[in-house]
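Now for the letters of each chain:
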Amino acid sequence: MSATIIDGKAFAATVREKVAAHVARLKDENGITPGLAVVLVGEDPASQVYVRSKGKQTVETGMNSYEHKLEADTSEADLLALIDKLNKDPAVHGILVQLPLPKHLDEDLVINAIDPAKDVDGFHISNVGLLGTGQKSMVPCTPLGCLMMLRDHHGSLSGLDAVVIGRSNIVGKPMAQLLLGDSCTVTIAHSRTKDLPEVVRRADIVVAAVGRPEMVPGDWIKPGATVIDVGINRIDAPEKGTREDGSVKTRLVGDAHYESCAAVAGAITPVPGGVGPMTIACLLANTLTACCRANGLEEPEGLTA
Ligand code: GUN
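This text gives an overview of the structure that appears in the document. (Residues numbered from 1 in each chain as written. Predicted model: local features only at pLDDT ≥ 70, side-chain atom pairs only at ≥ 80, totals over all residues. Heavy atoms only, no water.)

Quick notes on the site of the ligand
Next up, step 1: Surrounding the ligand, one finds Leu96, Val97, Gln98, Leu99, Asp121 and Phe123.
Next up, step 2: Within the side chain of Gln98, one N or O atom sits 3.1 Å away from a nitrogen atom of the ligand.
Next up, step 3: A distance of 2.8 Å is found between a nitrogen atom of the ligand and a backbone nitrogen or oxygen belonging to Leu99.
Next up, step 4: Considered on its own, the ligand offers 280 Å² of accessible surface; in the complex 78% of this is hidden by protein. (Near = heavy atom within 4 Å. Polar contact = N/O pair within 3.5 Å; in protein donor to acceptor, adjacent residues only side chain to side chain. Areas by Shrake-Rupley, 256 points an atom, 1.4 Å probe, with all protein chains shown as cover.)

Written as C-alpha cells, this is what we have:
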C-alpha cells in the first residue's frame with residue numbers, strides 16, 4: 001500500500017484564500033478590518049522568523065498586522081501593560097505573545113493576562129476550559145490545523161480510534177479534546193506509556209507530537225491508518241555534504257519515520273509541507289473568527305472547530 005500524501009502546504013493555501021475572501025467581505029459590507037497583534041520579547045532567531053512570517057501572511061490576507069518587538073530584558077510589568085493596552089484596543093482582534101519568553105517572565109501569567117476573546121493561540125486558561133467542556137472557544141492553531149486535515153480526508157471521524165503521542169498543552173492535550181469532540185475514541189500516549197507500539201497499532205488515526213526525530217516506525221502503524229506528523233526536527237544529513245564552514249548539512253524530519261510509515265499508512269502528512277504550514281493559516285483563521293465574534297457577525301464556515 002502506498003499512502004495518500006496529505007498536502008498541508010496546498011491545504012493551508014486554501015485556508016488562506018477562504019480567510020482573505022471573508023476579510024474582503026467584512027471590509028466591503030461592514031467596514032471592519034481584522035487586526036492581529038504579535039508580541040516578540042527578545043531576539044530568539046527561530047521566533048523572529050516565525051513572527052516575520054505571521055506578519056507577512058496577515059497582511060497578505062488583507063488584515064492589519066501590529067508587531068511589537070520588546071527588548072529581552074523587558075520587565076513583566078511593562079509586558080503586562082502592553083497586553084492591557086492591546087486588550088483595550090478595538091482595532092486589535094487577536095493577540096499572540098510569541099513563546100518561549102525569556103526566563104525571567106512567567107509565561108502562564110502573561111498568557112492569562114490576554115483577553116480570552118483575543119487569545120488567538122487558545123492558550124488562555126478560559127479557552128482551555130471551554131474546549132475541555134465542549135463550549136465555543138479559541139482553539140490552538142496546530143491542533144486546529146490537524147483537525148481540518150483529518151476532517152477533509154475522512155469526512156466524519158466518529159467512532160475512529162485515535163492515538164495522540166505527546167501530552168503538551170500546545171498540541172497533545174488540545175488535539176485529544178478536538179478528536180473527542182468529533183467522537184473519536186482517544187488515547188493520549190507519552191514517554192511513560194507501557195507498550196507504546198501496541199497502543200499505536202490499534203489506532204485509525206495517529207497524531208505524533210513528541211519532538212523526537214523519526215521515533216514512530218512503520219511497523220507501529222495499522223495498515224490504512226492516517227498519520228498526522230506534528231514534529232519538525234532538524235537532524236544532520238551527511239549525505240547532503242558539508243557547508244563552507246565545514247559543518248554537516250541538515251534536513252527536517254518529523255516524529256514519524258516517513259518512508260516506513262508511508263508504506264503502511266492510508267494517508268500521511270509529510271515534513272516539511274504537512275502540519276507546519278497549517279499552523280499560521282489557522283492563526284489567520286482564528287484572528288478572523290475573533291473579529292467576527294467581537295462584532296457579533298457570522299463566523300467563517302469551515303475555519304473553526
Ligand atoms: N512558539 C512556537 N509555537 C508557538 C505558537 O503556536 N504560539 C506562540 N505564541 N508561540 C509559539
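Comments concerning the sheet that holds strand β3 (residues 64-70)
Next up, step 1: If you walk across this open sheet you meet the 3 strands as β3-β2-β4, and the pairing is parallel. For this open sheet the edge positions go to β3 and β4 (94-97), each flanked by a neighbour on one side alone. Taken over all neighbouring pairs, the strand axes of this sheet differ in orientation by 15 degrees on average, direction set aside.
Next up, step 2: Sheet topology note: the strand β2 (residues 35-41)/β4 ladder contains 4 bridges and is parallel. Bridged to Val39 within β4 is Val97. (Pairing = 2+ DSSP bridges. Helix = DSSP H or I, 4+ residues; strand = E, 2+ residues; numbered from the N terminus. Axes fitted to C-alpha atoms, helices over the stretch in contact; angles between N-to-C directions.)

Section: the state of the cysteines
Next up, step 1: Evaluation of the coordinates by the stated rule reveals 0 disulfides.
Next up, step 2: Here Cys282 stays free of any disulfide, with the sulfur of Cys141 as its closest cysteine sulfur at 6.4 Å. (Disulfide = S-S within 2.5 Å.)

Observations concerning a positive patch on the surface
Next up, step 1: A cluster of basic side chains, namely Arg234, Lys240, Arg243 and Lys249, defines a positive patch on the protein surface.
Next up, step 2: Mapped onto the fold, Lys249 is located in the loop between β9 (233-236) and β10 (250-253).
Next up, step 3: Relative accessible area serves as the criterion here: at 32%, Lys249 is assigned to the partly exposed category. (Patch = residues over 30% accessible without salt bridge, like charges linked within 9 Å, V, L, I, M, F, W, Y side chains within 5 Å. Salt bridge = Lys/Arg side-chain N within 4 Å of Asp/Glu carboxyl O. Lys, Arg positive; Asp, Glu negative; His and termini not counted. Charge placed at Lys NZ, Arg CZ, Asp CG, Glu CD. Buried < 20%, exposed > 50% of the residue type's maximum accessible area, 1.4 Å probe, protein only.)

What about unusual backbone geometry?
Next up, step 1: The peptide bond linking Leu99 to Pro100 adopts the cis configuration, its omega dihedral lying at 0 degrees.
Next up, step 2: Locating Pro100 in the fold gives a position in the loop between β4 and α4 (107-111).
Next up, step 3: Positive phi outside glycine occurs at Ser183, with the angle close to 65 degrees.
Next up, step 4: Along the chain, Ser183 falls in the loop between α7 (172-181) and β6 (185-189).
Next up, step 5: A positive phi is found at Glu214, a non-glycine position, where the angle reads about 55 degrees.
Next up, step 6: Tracing the sequence through the fold places Glu214 in the loop between β7 (205-208) and β8 (226-229).
Next up, step 7: Take Glu214: its relative accessible area is 27%, and that puts it in the partly exposed class.

What to know about the nonpolar core
Next up, step 1: If you look at the biggest cluster of nonpolar residues, it comprises 53 residues, and the most contacted ones within it are Val15, Val19 and Leu179.
Next up, step 2: Mapped by element, the contributors of at least two residues to this core are α1 (8-30), β2, α6 (141-154), β5 (161-165), α7, β7 and α10 (275-294).
Next up, step 3: With 11 residues, the top contributor of residues to this core is α10.
Next up, step 4: Membership of the second largest hydrophobic core comes to 21 residues, among which are Ala208, Trp220, Cys261 and Ala262. (Core = buried A, V, L, I, M, F, W, Y, C linked by side-chain atoms within 4.5 Å.)

Regarding the sheet that holds strand β1 (residues 4-5)
Consider a sheet: its strands pair through backbone hydrogen bonds, and that pairing is either parallel or antiparallel.
Next up, step 1: With parallel pairing, 6 strands are arranged side by side in an open sheet as β1-β11-β8-β7-β5-β6. Of all strands in the sheet, those bounded by a partner on one side alone are β1 and β6.
Next up, step 2: Sheet analysis places β7 next to β8, joined by 4 bridges and oriented parallel. Bridging from a neighbouring strand, Ala208 pairs with Asp229 of β8.
Next up, step 3: Its contacts with the sheet place α6 against β1, β7, β8 and β11 (267-268), and it is angled at close to 160 degrees to β8. (Contact = heavy atoms within 4.5 Å.)

Details of the side chain of Thr289
Next up, step 1: Here Thr289 shows up in helix α10.
Next up, step 2: The buried category is assigned to Thr289, whose relative accessible area is 1%.
Next up, step 3: Those residues in contact with Thr289 that lie beyond four places of it in its chain are Glu299, Pro300, Leu303 and Thr304.

Some thoughts on the pattern of salt bridges
Next up, step 1: All chains considered together, the criterion is met by 9 salt bridges.
Next up, step 2: In this structure, Glu60 engages Lys56 in a salt bridge whose closest nitrogen and oxygen atoms are separated by 3.2 Å. Of this pair, Glu60 and Lys56 are both found in helix α2 (residues 45-60), 4 residues apart, which corresponds to roughly one turn of the helix. The same class applies to Glu60 and to Lys56, which are both exposed.
Next up, step 3: A salt bridge links Lys222 to Asp204, with the nearest nitrogen and oxygen atoms 2.8 Å apart. Of this pair, Lys222 sits in the loop between β7 and β8 while Asp204 sits in the loop between α8 (196-201) and β7; the two residues are 18 residues apart in sequence, bridging distant segments of the chain.
Next up, step 4: Residue class for Lys222 comes out partly exposed when judged on its relative accessible area of 28%.
Next up, step 5: Taking the relative accessible area as the measure of exposure, Asp204 reaches 19% and is therefore buried.
Next up, step 6: Connected through shared salt-bridge partners, Lys136, Arg293 and Glu299 make up one network.

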